[in-house]
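# A closer look at the structure
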Amino acid sequence: QEKKIFAVQGPYPIIRRLLRARGWVERKLPRTGRQLEQHCADQNKQRLHTGPSNGGGRQREEEEQCDEDPNGIHDLMSYLARNQLPNFIWTNFLEAIDCQLLQEDSMVNHYARVDAFTTKEGLCLSLQNLPWIEQADPNTFFPRCYRLGTMDDREAFIEDFRLTAARSLLKLALEEAGDRPVRTEQVPNSNNGAGWHRSHISHPKHSTARPGSPLYPELVEEALEVCKQHLGVLQHEDIDRSTPSPCRTCIDWDCFLQQYYRVAHEGAGLVLTTQQRKQCQDLLQSLAEKLPQLDMEGKLNVWILKPGAESQGRGITCMTRLEEMLQLAWSCTAPSVQVGRWVVQKYVERLLTVFGTKFDIRQWFVVTDWNPLTVWFYRDCYLRFCSRPFSLHHMERARHLCNVSVQKWYKTSPDQDPRVPPDKIWSNKQFQEYLAQLGQADAWHEVLVPGMKAAILNTLHSARDRVRFRKGSFELYGADFVVGEDCQPWLLEINSCPTMSPSSAVTRRLCANVQRDTLCLVLDRKDNPTCSTGAFELIYKE
């Protein structure tokens, strides 16, 4: 009569315990057929996440304790409710629930068709459309991203990679000329008779070219010309005339990229004139006013290739060469990835690191309604660390993918700073203390949090027309961000089923808290609009 019958599918002992404490009765779902398959998948996900040595036994023990029923009262009530439809359902995935269990007023912790922003392909497409929906530029919070399975996106990526290589070459030229002593010598047969400055840079790297051999000024001149044309396009100087794309000029791009690889990755030197140095500086400054990602994109042209619909870091790899990326995307070497179902995204090269180690931020938020759009932001979050020091000259997953399900397979390397936490997890409070030590005490509240909120809201606006919502439902999401050197957050992805399996003392506390506060938000607040919503903060309601 009170409509307090619930069903839980998946490893959520805390949700079950909290609902029972509220006087709710569980209708236990049979583990047969599709639901048995889902249960097995949940258990495998649990093992993948916790790993062989970081607390899986404790998690199972906690589940058993949560399911203890010394008086048998919960089992008895569940038996009496066996033929009743649940009023509240908490599940891993909406597809795992038999639609016959849903009543018109049932509360479910998922919406349909959220793949518009919770898959890598969907997020890429939705944010490409953002400027048509909102007065917002996704390039200010979402690294450039392309779906390699569509011809238009694939061609746009190729052009972007080439333009980024040209900009990166100018940065490398300035770095060589400005950061190191330059030995000037006369280069014979120069076109204008002026003396060329030849700057040498020494990299202890394997090189097919002679590391000290110079690449003559024509390479820098080509990069300058490409960037000038691109700047003209950005300034809309091509509106009244048929200006070709900067990447469709007479430059031999295959040759240019091979020369760029020699400079960026094989230690070859550059030759440039004093005049070219000035041109590089002026051109990059002008491009920075038009390209929000010019600073964060770095100079090595690193991109990250991701299967479009996978999770937990499966199949993700960092790459620096265009031909290798295109080949991998069409070779379908990763299991369960359809040919062409890849996205490629610009890697944030200029990252803020902690003790020389890359990290990302898992940030929760809840949508309680799509019409009107109503969004709650969780004030607590946590950081996930890699197990090896950050380096752009080594592309191992252990240095670049912060997912717990990836890092659990790697031991901490001997050259890792001992101040990195052994369980590779920090709370946001610990991170704020670290920022204060850097002299950036205000960065969390003035830059990071506002940036994360804006990125989340812009993403939801971009995808809302594709989501199928139902009144009374809600969904808890986990957004992943990396942080640039300037403390600006960059959105990587949004997860529709963020793990609640603790991998550390920090996540054990925070995951329990966010589940508790979510129930306060969606259940208690219905009966008492003034009740506490814990760490949830209403950040948007139309």
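In this report, the structure presented in the accompanying data block is examined. (Residues numbered from 1 in each chain as written. Predicted model: local features only at pLDDT ≥ 70, side-chain atom pairs only at ≥ 80, totals over all residues. Heavy atoms only, no water.)

### Some thoughts on the sheet that holds strand β5 (residues 145–147)
Using the following cut-off: For two strands to pair, DSSP has to find at least two bridges joining them. A run of H or I in DSSP becomes a helix once it reaches four residues, and a run of E becomes a strand once it reaches two; helices and strands are each numbered from the N terminus. The convention used is that axes are lines fitted to C-alpha atoms, helices contributing only their stretch in contact, and that angles between N-to-C directions extend from 0 to 180 degrees. It only takes one pair of heavy atoms within 4.5 Å for two residues to be counted as in contact.
The 4 strands are arranged β5-β11-β9-β10 in an open sheet whose pairing can be described as antiparallel. Single-partner strands in this sheet number two, and they are β5 and β10 (317–319). Adjacent strand axes in the sheet meet at a mean angle of 25 degrees when their direction is disregarded. Sheet strands touched by helix α6 (residues 120–128): β5, β9 (303–307) and β11 (342–346). Its angle to β5, the strand with the most contacts, is close to 115 degrees.

### A look at the pairing of strand β16 (residues 489–495)
This is how the line gets drawn: Exposure classes here rest on a 1.4 Å probe applied to the protein chains alone. A residue is buried below 20% of its type maximum, exposed above 50%, and partly exposed in between.
Burial analysis of β16 places 6 of its 7 residues in the buried class, which makes it a mostly covered element. As defined by bridge partners, strand β15 (residues 475–483) adjoins β16 across 6 bridges and the pair is classed as antiparallel. Paired with V483 across the strands is P489, a residue of β16. Between β15 and β16, which follow one another and run antiparallel, lie 5 residues, and C487 among them has a positive phi close to 70 degrees.

### Points about helix α10 (residues 253–265)
How we decide: Each residue after the first adds 1.5 Å to the expected span of a helix. Polar contact is defined as a pair of N or O atoms within 3.5 Å, subject to the rule that within protein one atom must be able to donate a hydrogen and the other to accept it, and that residues adjacent in sequence are counted only when both atoms are side-chain atoms.
Over its 13 residues, α10 extends 17 Å from the first C-alpha to the last, a length consistent with the 18 Å expected when each residue adds 1.5 Å. Within α10, burial applies to W253, F256, L257, Y260, Y261, R262, V263, A264 and H265. Of the residues flanking the start of α10, the one acting as N-cap is D252, its side-chain oxygen 3.3 Å from the backbone nitrogen of D254. Just downstream of α10 lies G267, where phi reads positive at about 85 degrees.

### What about the environment of V404?
Here V404 lies in helix α14 (residues 404–407). Separated by 18 residues in the primary sequence, V404 and C386 have C-alpha atoms spaced 8.7 Å apart.

### Details of the side chain of N87
Residue position: N87 is located in the loop between α4 (73–80) and β3 (88–91). For N87, the side chain forms a polar contact with the main-chain nitrogen of K4, separated by 3.4 Å. Ignoring any residue separated from it by four or fewer positions in sequence, one finds N87 in contact with K3, K4, I5, W24, Q103, D105, S106 and M107.

### Details of the environment of D380
As for its position among the elements, D380 is in strand β13 (residues 373–385). Along the primary structure D380 and N428 are separated by 48 residues, whereas in three dimensions their C-alpha atoms are 6.4 Å apart. Apart from the residues lying within four places of it in its own chain, the contact partners of D380 are Q363, W364, N428, K429, L510 and A535. At a separation of 2.9 Å, a polar atom in the side chain of D380 contacts the side chain of K429.

### Quick word on unusual backbone geometry
Cis geometry is found at the peptide bond from N371 to P372, where omega equals 5 degrees. A positive phi angle, close to 60 degrees, is found at N301, a residue other than glycine. Relative to the elements of secondary structure, N301 occurs in the loop between α11 (274–288) and β9. Exposure remark for N301: the relative accessible area of 0% places this residue in the buried category. The backbone of K424 shows a phi angle near 60 degrees, a positive value even though the residue is not glycine.

### Topic: the nonpolar core
Applicable threshold: Side-chain atoms within 4.5 Å are what join buried Ala, Val, Leu, Ile, Met, Phe, Trp, Tyr and Cys residues into a set we call a nonpolar core. The start and end points of each domain follow an automatic or database-based domain assignment.
Within the largest apolar cluster, 84 residues are counted, with the highest numbers of intra-cluster contacts made by F88, F117, I361 and F431. When residues of this core are assigned to domains, at least three map to each of domain 1 (1–32 + 68–108) and domain 2 (115–141 + 350–541). Among residues more than four places away in sequence, those in contact with F431 are L352, V354, F359, I361, L383, W426, W444 and L448. The next biggest cluster of nonpolar side chains, apart from the first, holds 61 residues, and it includes A173, W253, A268 and M319.

### Remarks on helix α9 (residues 218–234)
If you check α9, its first and last C-alpha atoms are 24 Å apart, about what 17 residues at 1.5 Å a residue would give, namely 24 Å. Within α9 the residues assigned to the buried category are L219, V220, A223, L224, V226, C227, H230, L231 and G232. Residue H236 follows α9 closely and has a positive phi angle near 65 degrees.

### Comments concerning a negative patch on the surface
Put simply, the rule reads: Put simply, a patch holds well-exposed residues, over 30% relative accessible area, that have no salt bridge, with like charges counted together within 9 Å and Val, Leu, Ile, Met, Phe, Trp or Tyr side chains within 5 Å. The Shrake-Rupley method, run with a 1.4 Å probe, gives the accessible areas here. Residue values count only the displayed protein chains as cover. Every case where a carboxyl oxygen of Asp or Glu lies within 4 Å of a side-chain nitrogen of Lys or Arg is listed as a salt bridge. Positive residues here are Lys and Arg, negative ones are Asp and Glu, while His and the chain termini are left out of the count. One atom stands in for each charge, and that atom is NZ of Lys, CZ of Arg, CG of Asp or CD of Glu.
A surface patch of like charges, here negative, comprises E218, E221, E222, E225, D252, D254, E323 and E324. Position of E218 among the secondary structure elements: in helix α9.

### Here we look at the pattern of salt bridges
Applying the stated rule across the entire model yields 29 salt bridges. Where E297 meets R144, a salt bridge forms, and the shortest distance between an N and an O atom there is 3.1 Å. Of this pair, E297 sits in the loop between α11 and β9 while R144 sits in the loop between α7 (130–133) and β5, and the two are 153 residues apart along the sequence. Between D417 and R419 there is a salt bridge, with its nearest N and O atoms 2.9 Å apart. One salt-bridge network, in which partners are shared between bridges, spans R144, D160, R167, K171 and E297.

### Some thoughts on the sheet that holds strand β4 (residues 107–108)
Read from one edge to the other, the open sheet built from 4 strands follows the order β2-β1-β3-β4, with strand pairing classed as parallel. This sheet does not close on itself; its edge strands, each paired only once, are β2 (25–26) and β4. Note: β3 against β4, 2 bridges, orientation parallel. Residue pairing for β4: I89 is matched across the bridge by V108. Where helix α1 (residues 13–21) meets the sheet, it contacts β1 (5–9), β2 and β3, and its direction lies at approximately 170 degrees from that of β1. Sheet strands touched by helix α17 (residues 505–527): β3 and β4. Its angle to β3, the strand with the most contacts, is close to 170 degrees.

### Points about the side chain of N495
Mapped onto the elements, N495 comes out in strand β16. A polar side-chain atom of N495 sits 3.3 Å from a polar atom in the side chain of D480. N495 has contacts with T118, R362, L476, Y477, G478 and D480, leaving out every residue within four places of it along the chain.

### Overview of the pairing of β9
The side chains of a regular strand alternate, residue by residue, between the two faces of the sheet. Where burial is concerned, most of β9 is hidden: 5 out of the 5 residues are buried. Burial of β9 is two-sided: the residues W303, L305 and P307 facing one way and the residues I304 and K306 facing the other way are all buried. Across 3 bridges, the pairing between β9 and β10 is antiparallel. What sits directly across from I304, in β10, is C318. Pairing geometry for β9 and β11, over 5 bridges, is antiparallel. Bridged to I304 within β11 is Q345.

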